[in-house]
There are 2 protein chains.
Amino acid sequence: MITPQPISGFPEWLPEEKIVEQRLLEIIRTNFERYGFSPIETSAVERREVLIAKGGNDKEIYGLTRMAAEEGDESKEIALHFDLTVPLARFVAQNYGKLSFPFRRSQIQKVWRGERPQSGRYREFYQCDIDVIGDGELSLFTDAEIPSIIYGIFLAMNIGPFVIRINNRKILQGYLESIGISNDERVHVLRIIDKLERFGVKRVMNELTIKGITEEKAKKLVEFVSLDYTNSEILDMLAEMPLNETFETGTRELKTVIQYMNVLNVPEEYYRICVGIARGLDYYTGTIYETVLVNHPGIGSICSGGRYDDLASYFCERKLPGVGISIGLTRLFPRLVQAGILQIGPATTAPVLVTSLDQTCMEEYLRIATELRKQMINTEVYFESKKLGAQLKYANRKGFALAIIAGSNEFDNQTLKIKNLKTGEEIIVSRNSVTEEVIKQISTLQKHNLWT
Amino acid sequence: MITPQPISGFPEWLPEEKIVEQRLLEIIRTNFERYGFSPIETSAVERREVLIAKGGNDKEIYGLTRMAAEEGDESKEIALHFDLTVPLARFVAQNYGKLSFPFRRSQIQKVWRGERPQSGRYREFYQCDIDVIGDGELSLFTDAEIPSIIYGIFLAMNIGPFVIRINNRKILQGYLESIGISNDERVHVLRIIDKLERFGVKRVMNELTIKGITEEKAKKLVEFVSLDYTNSEILDMLAEMPLNETFETGTRELKTVIQYMNVLNVPEEYYRICVGIARGLDYYTGTIYETVLVNHPGIGSICSGGRYDDLASYFCERKLPGVGISIGLTRLFPRLVQAGILQIGPATTAPVLVTSLDQTCMEEYLRIATELRKQMINTEVYFESKKLGAQLKYANRKGFALAIIAGSNEFDNQTLKIKNLKTGEEIIVSRNSVTEEVIKQISTLQKHNLWT
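Residues numbered from 1 in each chain as written. Chains lettered and ligands numbered in written order. Predicted model: local features only at pLDDT ≥ 70, side-chain atom pairs only at ≥ 80, totals over all residues. Heavy atoms only, no water.

A. A look at the overall build of chain A. Across its full length, chain A carries 15 helices and 16 strands. Taking the principal axes of its C-alpha atoms as reference, chain A extends roughly 90 × 65 × 45 Å. Residue burial in chain A is summarised as follows: out of 452 residues, 58% are buried. Across chain A, the fraction of contacts at a sequence separation of at least 24, relative to all contacts at a separation of at least 6, is 67%. (Helix = DSSP H or I, 4+ residues; strand = E, 2+ residues; numbered from the N terminus. Buried < 20%, exposed > 50% of the residue type's maximum accessible area, 1.4 Å probe, protein only. Contact = heavy atoms within 4.5 Å.)

As structure tokens, then:
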């Protein structure tokens, strides 16, 4: 006898939790498709050489070995993917001739990382990615469309106010050039600047000077990345300080992106120009996105991404610029629940339980269920021979909205009872109007947010 | 530079293929939920001891090792699951107190097996499972409900005529007892009988006698399992040959299952009693299901399952009887395509491409797209600065249904063109009626099976 136990870092949900996660995944998927992103799914497994081509950290990779593998077995050379970007690059290079460009792909899959699990870090988790990959070039309009997708998704999730932070990497880079920070210093400086929000001005200033940045430069830089004005004020300020070509290009691009975001109806209060965000080091080259929950900044960015110059330089000769975002749903989901932003609901997607007062009426119960299912109403029939009290306890525990109750007398009279388990109300309806009444009651419950 | 190549046994689909697979997965999921099955998702990883508890074949299991793992690292003891039944057993034992019984769970996930890949065998594939798990006992009505779910799924998939083969293991077992085949011989005999369809009578007779079964017994057995009559004729015949208690119980159970399948409207031509099917050796103890495509028997069973006495005997003391089925979608899907039963369609789920004749009109293009998206119509805007011909080529290659075409003249006149890419027809509509016209055209295309 083996006592089953959770495995650290590999989260699992109960049905009532999984139903909520599934709803979020569905919101993400339909919004991705609404903008013409086509789904792909790559195998969970890549060749080891593919995963480490771009410096994938060996420590984070789970290699696969057949338990009874012979020496030299090829399976030793395969490993689980740790993100969906490397697989995308490999997939695009491998299938280049079969894809249409710009290639708009969505990909929602589990990824695995062999990290030491910490709070909120998992070894297995969902990533939900979209990217648009150009063949040689890619229009800047694409960068403007992405925030409108982010906006649509988190609005539909109904998780409270959020802000899409937006920047253009060239602005930050141009500024660094203008105050005389060298390319060698840049990596360190950006890494420190990325932590401004978490560490505060004092610590960041201190760390910058430790890295050999003069106090004057550090002060200028911190002031610049802390610019706190309205979006149009910042755009105006940037336009008035043409420091160098990189800076000007970044400003022009950002302005265009903001202009078309407005056309796409992303409301002003849902985005904010933050000239300090860099998202990692040298990966992104243009537009950069982060998304934070206004009332829960501690959760960190819930959706990030940006523009890059070349997706697949390790796998093919062609230049493939792209822009994309990623939602790490598995990290986000339990935090939304813990923070009370998301409610866990019923352990079933079915609103209706047809109880079985009398096993000899089972044919009738099945007919009622069939009628409801024909109307797309998810319905369960309780088959076990238990007292009504036990059946209703089961119904309440699982969170059904309605229980249908009838025995042979009721079927003789062609009337039966619908018990509303959310309000406690019971009504008697004629056999012929059961479906109609169920539809009505579910619709009322939905209006009052008592059923989704 | 690494040249990316497919990994044998790990299938991947192009977007146009993935879209079809996704549609099938969606049909399966919604039908599972229609009958009140609640989704769960277990981690892809189990402890090794859990996977091999019930004699899981070591050779088929992919163990996980962190690439840079230290000696003694726990991750060496974890491995990818090879089916969804062992994880279900572990999950139910682990969460017993938090689940409501009968526990109706659906689970649609990838599984991995380190087998040598052969035609139609994969090392990574989707399984789509439902099971109902009772706590101590489980009503036989559950067994009758399963075929109606199978029927609904394959009808919705529109993959031609199919037959659900149904049996009760006790009938076969009772028959074996009645002709004096011992429990020791049973395993071999069942394994051979399971191959009757593939090998034919002569070879099966031969193999049975090699195993020491007398020719008389072998002949009787082959005759019995080949019974080829209508469902009601077979039920009558079985009822008239009360060989022993096991046989009678099996017959009675089968009769009840068939009776309630009829109540659930599974048409007579979609199921068939086959007293010979056993599905493996000693796992199933009652009702047994297989499903075959009438015109493509070579594909084998596309959905199988049955009733078992005890799900989780290795993980908990409680008796947990269950009944369930599994659809191996990844094996089925390419075969359906190869056989021409399923057509591969567009490489996008969006019916509409808004072309961009004139980059200065981009705001207008985005507004049209926003209007369509508000009506739940998946829409892509072509952003690149290319000639219309190139844009329409892109549209045709990806398989869009409609292209919207307009330049500054058209917007000045408030009229624009909708090109139906399936029929070649072009119409001019007023700017205000674009959405209405698009909805009309999509609906017409759907009626003629030119859009899904």
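B. Spatial organisation of the interface of chain B and chain A. Counting residues at the interface gives 114 residues for chain B, matched by 114 residues for chain A. Both faces considered, chain B and chain A share a buried interface measuring about 10,100 Å² in area, 55% of it formed by carbon and sulfur atoms. By the criterion of area lost to chain A, the three top residues of chain B are R34, E41 and M67 of chain B, representing 8% of everything that side buries. The interface formed by chain B and chain A contains 12 salt bridges. Inspection of the region where chain B meets chain A yields 47 residue pairs in polar contact (both at pLDDT 80 or more). Considering each element in turn, the side of chain B that touches chain A owes the most residues, 9 residues, to helix 1 (residues 15-34) of chain B. Its residues assigned to classes, the side of chain B that touches chain A shows 53 nonpolar, 25 polar and 36 charged. By the bridge criterion, 5 bridges tie strand 3 (residues 62-66) of chain A to strand 3 (residues 62-66) of chain B in an arrangement that is antiparallel. (Buried area = accessible area lost by both parts, 1.4 Å probe. Salt bridge = Lys/Arg side-chain N within 4 Å of Asp/Glu carboxyl O. Polar contact = N/O pair within 3.5 Å; in protein donor to acceptor, adjacent residues only side chain to side chain. Nonpolar A, V, L, I, M, F, W, Y, C, P; charged D, E, K, R; others polar. Pairing = 2+ DSSP bridges.)

C. Looking closely at the relation of the copies chain B and chain A. Mapping chain B onto chain A is achieved by rotating through 180 degrees and translating by 0.0 Å along the same axis, at an RMSD of 0.1 Å. Interpreted geometrically, this transformation is the action of a two-fold axis. Taking C-alpha positions as reference, the residue of chain B nearest the rotation axis is L64 of chain B, located at 2.5 Å. The overlap is high: 100% of the interface residues of chain B also sit at the interface in chain A, so the same surface is used on both sides. (Least-squares fit on C-alpha atoms with pLDDT ≥ 70 in both.)

D. Spatial organisation of the sheet that holds strand 7 (residues 162-168) of chain A. Residues and elements named next belong to chain A. On the basis of which strands lie adjacent, the open sheet formed by 8 strands has the order 1-5-6-11-10-9-7-8 and mixed pairing. The strands lining the two open edges of the sheet, one partner per strand, are strand 1 (38-39) and strand 8 (271-273). In the sheet, strand 6 (residues 124-133) pairs with strand 11 (residues 322-327) via 6 bridges, with the strands oriented antiparallel. Across the sheet, residue C128 finds its bridge partner in strand 11, namely I327. Along the sheet, helix 10 (residues 245-263) contacts strand 7, strand 8 and strand 9 (287-293); its crossing angle with strand 7, the most-contacted strand, is approximately 145 degrees. (Axes fitted to C-alpha atoms, helices over the stretch in contact; angles between N-to-C directions.)

E. Here's a closer look at the pairing of strand 14 (residues 402-405) of chain B. All names here are of chain B. Residue alternation in strand 14 divides its side chains into two sets, L402 and I404 and A403 and I405, and both sets are buried. Where strand 14 meets strand 15 (residues 415-420), 4 bridges bridge the pair, whose relative direction is antiparallel. If you follow I405 over to strand 15, its bridge partner there is K417.

F. Spatial organisation of empty space enclosed by the protein. In this structure the tally under the stated criterion is 6 cavities of 30 Å³ or more. In this structure, the largest cavity spans a volume of roughly 870 Å³. Around the largest cavity sit 35 residues that line it, and I108 and Y126 of chain A together with L25, I108 and Y126 of chain B are the ones nearest its centre. At the level of secondary structure, the elements contributing two or more residues to the lining of the largest cavity comprise helix 1 (15-34) and strand 5 (103-112) of chain A together with helix 1 and strand 5 (103-112) of chain B. Here the residues of the lining of the largest cavity are counted per class, giving 14 nonpolar, 10 polar and 11 charged. (1 Å grid on protein atoms, 1.4 Å probe; cavity = no way out; pocket = protein on both sides within 12 Å on 5 of 7 lines; lining within 4 Å. Points joined across faces, edges and corners; volume = space filled by probe spheres on them.)

G. Structural detail: the pattern of salt bridges. In total, this model carries 58 salt bridges over all chains according to the counting rule given. The structure contains a network of salt bridges with shared partners spanning E26, R29 and E33 of chain A together with E26, R29 and E33 of chain B.

H. Region of the structure containing the side chain of Q109 of chain A. Residues and elements named next belong to chain A. Among the secondary structure elements, Q109 is positioned in strand 5. Given a relative accessible area of 6%, Q109 falls into the buried group. A distance of 2.8 Å separates the side chain of Q109 from the side chain of Q107, its partner in a polar contact. Apart from residues no more than four positions distant in its own chain, Q109 is found in contact with I40, E41, T42, H81, L84, F125, Y126 and Q127.

I. Quick peek at the side chain of R104 of chain B. Along the chain, R104 of chain B falls in strand 5. The class for R104 of chain B is buried, based on a relative accessible area of 2%. A polar contact is formed between the side chain of R104 of chain B and the backbone oxygen of Y35 of chain B, at a distance of 2.9 Å. When neighbours within four sequence positions are excluded, R104 of chain B is seen to be in contact with E380, V381, F383, Y394 and K398 of chain A together with Y35, G36, F37, S38, D131, V132 and E145 of chain B.

J. Seen up close, the packing of helix 4 (residues 141-157) of chain A against helix 10 of chain A. Residues and elements named next belong to chain A. Between helix 4 and helix 10, the least distance of the axes is 8 Å, while the angle of their chain directions is 50 degrees. As summarised for this structure, helix 4 and helix 10 are arranged oblique, according to the angle between their axes. At the point where helix 4 passes helix 10, the crossing takes the right-handed sense. Taking contact as the criterion, the partners of F141, D143, A144 and P147 in helix 4 are, on helix 10, V257, Y260 and M261. Looking at side-chain class alone, the contact of helix 4 with helix 10 contains 6 nonpolar, no polar and 1 charged residues. (Parallel < 35°, antiparallel > 145°, perpendicular 65-115°, else oblique. Left-handed = near helix turned anticlockwise from the far one by under 90°.)

K. Representation of helix 10 of chain A within the structure. Residue and element names in this part refer to chain A. The end-to-end C-alpha distance of helix 10 is 27 Å, a good match for the 27 Å that 19 residues give at a rise of 1.5 Å each. When we look at burial in helix 10, the residues that qualify are F247, T249, G250, T251, E253, L254, V257, I258, Y260, M261 and V263. Within two residues after helix 10, N265 carries a phi angle of roughly 65 degrees, on the positive side. (Expected span 1.5 Å × (residues − 1).)

L. Inspection of unusual backbone geometry at higher detail. Residue F101 of chain A is joined to P102 of chain A through a cis peptide bond whose omega torsion reads 0 degrees. Positionally, P102 of chain A belongs in the loop between helix 3 (85-94) and strand 5. Even without being glycine, N449 of chain A reaches a positive phi, approximately 60 degrees. Position of N449 of chain A among the secondary structure elements: in the segment after helix 15 (434-447). The exposed category is assigned to N449 of chain A, whose relative accessible area is 71%. Of note in this structure, N265 of chain B is not a glycine but carries a positive phi near 65 degrees. Within the secondary structure layout, N265 of chain B lies in the loop between helix 10 (245-263) and strand 8 (271-273). The class for N265 of chain B is partly exposed, based on a relative accessible area of 43%.

Geometry only, nothing functional implied.
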